[in-house]
Amino acid sequence: MRCLVTGGAGFLGSHLCERLLAEGHEVIALDNLFTGSKRNIAHLLGRSEFEFIRHDVVNPILLEVDRIFNLACPASPIHYQYNPVKTVKTSVVGTINMLGMAKRVKARILQASTSEIYGDPKEHPQREEYWGHVNPIGPRSCYDEGKRVAETLVMDYHRQNRVDTRIVRIFNTYGPRMAVGDRRVMSNFIVQALRGEPLTVYGDGTQTRCFCYVDDMIDGILALMNYDGENAWEPVNIGSEDERSMNDIVQALGEVLGRKLAVEYRPLPSDDPLRRRPDCTRARQRLNWRPKVSLHEGLKRTVQYFREVIGSAK
Ligand code: NAD
Ligand code: UDP
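Bear in mind that the values here come from a model prediction, so they are computed numbers and not experimental data.

### Things to note about the site of ligand 2
V185, T200, R209, D272 and R276 are the nearest of the 18 residues found near ligand 2. In the model, an oxygen atom of ligand 2 is placed 2.9 Å from a nitrogen or oxygen of the N172 side chain. Within the side chain of R209, one N or O atom sits 2.7 Å away from an oxygen atom of ligand 2. Relative to its unbound accessible area of 520 Å², ligand 2 is 95% covered by the protein chains. Residue assignment for the shell around ligand 2 shows that the elements contributing at least two residues are helix 5 (185-194) and strand 8 (199-202).

### Description of the site of ligand 1
Inspection of the region around ligand 1 gives 29 residues, with L12, D31, T35, Y143 and K147 positioned closest. Backbone polar atom of G36 to an oxygen atom of ligand 1: 3.0 Å apart, as the coordinates give it. A distance of 3.4 Å is found between an oxygen atom of ligand 1 and a backbone nitrogen or oxygen belonging to C73. When isolated, ligand 1 has an accessible area of 820 Å², and the protein chains bury 96% of it. Sorting the residues of the shell around ligand 1 by element identifies helix 1 (11-22), strand 5 (108-114) and helix 4 (141-161) as the ones contributing at least two each.

### Focus: empty space enclosed by the protein
Under the defined criterion, the tally for this structure stands at one cavity of 30 Å³ or more. Roughly 60 Å³ of volume is contained in the largest cavity. Surrounding the largest cavity, M1, C3, L20, E23, H25, R67, F69, L222, M225 and N226 form its lining. Within the residue set of the lining of the largest cavity, elements represented by two or more residues are strand 4 (67-70) and helix 6 (214-226). Per element, the largest residue contribution to the lining of the largest cavity is three residues, and it comes from helix 6. For the lining of the largest cavity, the per-class residue count stands at six nonpolar, two polar and two charged.

### What to know about the packing of helix 5 against helix 7 (residues 246-257)
At a minimum axis separation of 11 Å, helix 5 and helix 7 run at an interaxial angle of 45 degrees. Judged by the angle between their axes, helix 5 and helix 7 are oblique. For helix 5 against helix 7, the interelement crossing comes out right-handed. On the side of helix 5, the interface is formed by V185, M186, F189, I190, A193 and L194, while helix 7 contributes M246, I249, V250, L253 and L257. Broken down by class, the residue content of the contact of helix 5 with helix 7 amounts to eleven nonpolar, no polar and no charged.

### Let's talk about unusual backbone geometry
Residue P125 is reached from H124 by a cis peptide bond, and omega for that bond is -10 degrees. Within the element layout of this structure, P125 appears in the loop between strand 5 and helix 4. The residue R162 is not glycine, and still its phi comes out positive at about 55 degrees. Looking at where R162 falls in the secondary structure, it is placed in the loop between helix 4 and strand 6 (165-170). Residue classification places R162 among the exposed positions, given a relative accessible area of 62%. Backbone geometry places R183, a non-glycine residue, at a positive phi of 60 degrees.

### Side note on the layout of surface pockets
Empty space among the atoms can be located by rolling a probe the size of a water molecule over them. As a volume, the second largest pocket reaches approximately 220 Å³. Together, I117, E128, E129, Y130, W131, R148, E151, T152, R169, E234, P235 and R282 line the second largest pocket. Residue composition of the lining of the second largest pocket, by class: four nonpolar, one polar and seven charged.

Calculation criteria
Residues numbered from 1 in each chain as written. Chains lettered and ligands numbered in written order. Predicted model: local features only at pLDDT ≥ 70, side-chain atom pairs only at ≥ 80, totals over all residues. Heavy atoms only, no water. Near = heavy atom within 4 Å. Polar contact = N/O pair within 3.5 Å; in protein donor to acceptor, adjacent residues only side chain to side chain. Areas by Shrake-Rupley, 256 points an atom, 1.4 Å probe, with all protein chains shown as cover. Helix = DSSP H or I, 4+ residues; strand = E, 2+ residues; numbered from the N terminus. 1 Å grid on protein atoms, 1.4 Å probe; cavity = no way out; pocket = protein on both sides within 12 Å on 5 of 7 lines; lining within 4 Å. Points joined across faces, edges and corners; volume = space filled by probe spheres on them. Nonpolar A, V, L, I, M, F, W, Y, C, P; charged D, E, K, R; others polar. Axes fitted to C-alpha atoms, helices over the stretch in contact; angles between N-to-C directions. Parallel < 35°, antiparallel > 145°, perpendicular 65-115°, else oblique. Left-handed = near helix turned anticlockwise from the far one by under 90°. Contact = heavy atoms within 4.5 Å. Buried < 20%, exposed > 50% of the residue type's maximum accessible area, 1.4 Å probe, protein only.

Spelled out as structure tokens, the structure:
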């Protein structure tokens with residue numbers, strides 16, 4: 001099949017391109033290189049089944065494809081807050097453009113949604129039926145509400161135009177090819193530790209997240225795209241259910257590096273969700289998906305990557 005991956009030069013997109021090629025598909029990676037990088041896909045550029053198009057999803061484009069993975073959107077708070085209006089446009093106009101393409105060429109489309117659509121959740125863990133608790137006017141809203149409208153658009157194209165759609169709600173994911181300066185907690189802590197700097201813990205470090213290793217996430221995304229069972233258009237949570245506080249992450253990273261890490265406490269950013277954990281029953285039942293890589297193993301692999309990128313021996 002010919003697959004389009006928007007955001008294909010980003011962290012998740014580049015891993016997805018790699019896996020689709022390994023499965024024998026043709027891949028077009030489309031990216032405006034806002035947060036992605038050609039370095040992430042440099043090893044794929046020479047392959048005849050792979051093409052890269054520098055393009056912004058906010059502008060229409062005509063392509064003939066069988067499958068569309070719509071991942072284009074900055075994911076780190078500092079990146080999506082850099083130009084919030086653009087973030088909303090990417091999620092809304094960009095998703096309309098990709099849905100229009102899916103409708104025209106009868107492609108199946110998978111939308112990369114996010115745990116952020118649950119906001120600072122009042123239900124724990126978060127099941128797909130939960131509607132969320134999102135601030136519509138805060139600094140995170142451009143991302144959260146943009147992604148919520150993207151889900152609405154996907155469902156409306158599905159109901160109104162019979163477009164074959166999938167929605168994956170991605171929970172925190174980490175691994176090689178996260179951008180060094182994206183300041184998401186995993187990349188930030190690892191880079192700080194490798195540079196011998198104190199780890200910046202926001203708030204008191206008791207807020208929780210569940211961290212999924214990138215290979216497991218790509219397995220889940222592909223399983224959902226390929227799922228042909230009942231109610232395939234319904235959103236599916238994909239993520240780890242291993243809930244950890246930021247203080248736990250400091251501890252785990254210290255164990256992987258074999259030394260005690262210094263910590264510096266900083267104020268908690270506004271609207272930072274206090275707790276987050278997916279209920280992944282749907283992914284288990286429908287996709288037979290469960291993550292395989294432990295936090296320690298994932299951290300080891302990610303540390304190895306960042307050691308090479310920043311040239312650290314620590
Ligand atoms: P990333 O920033 O590494 O990748 C996003 C890619 O999209 C980048 O290559 C960027 O250049 C590209 N992009 C941004 N705006 C664009 C535009 N207007 N036109 C074309 N390309 C554009 O982030 P990521 O972690 O790989 O995230 C990929 C997708 O997964 C995003 O949609 C994100 O919202 C979603 N997601 C990721 C996580 C996570 O923990 N990594 C969690 C939830 C959801
Ligand atoms: N965080 C932190 N130190 C950092 C970066 C992030 O303590 O250097 C915290 C942040 O406040 C949040 C959690 O780590 O509670 C996850 O942040 P990230 O930006 O990685 O993801 P998101 O908030 O989008 O889940």
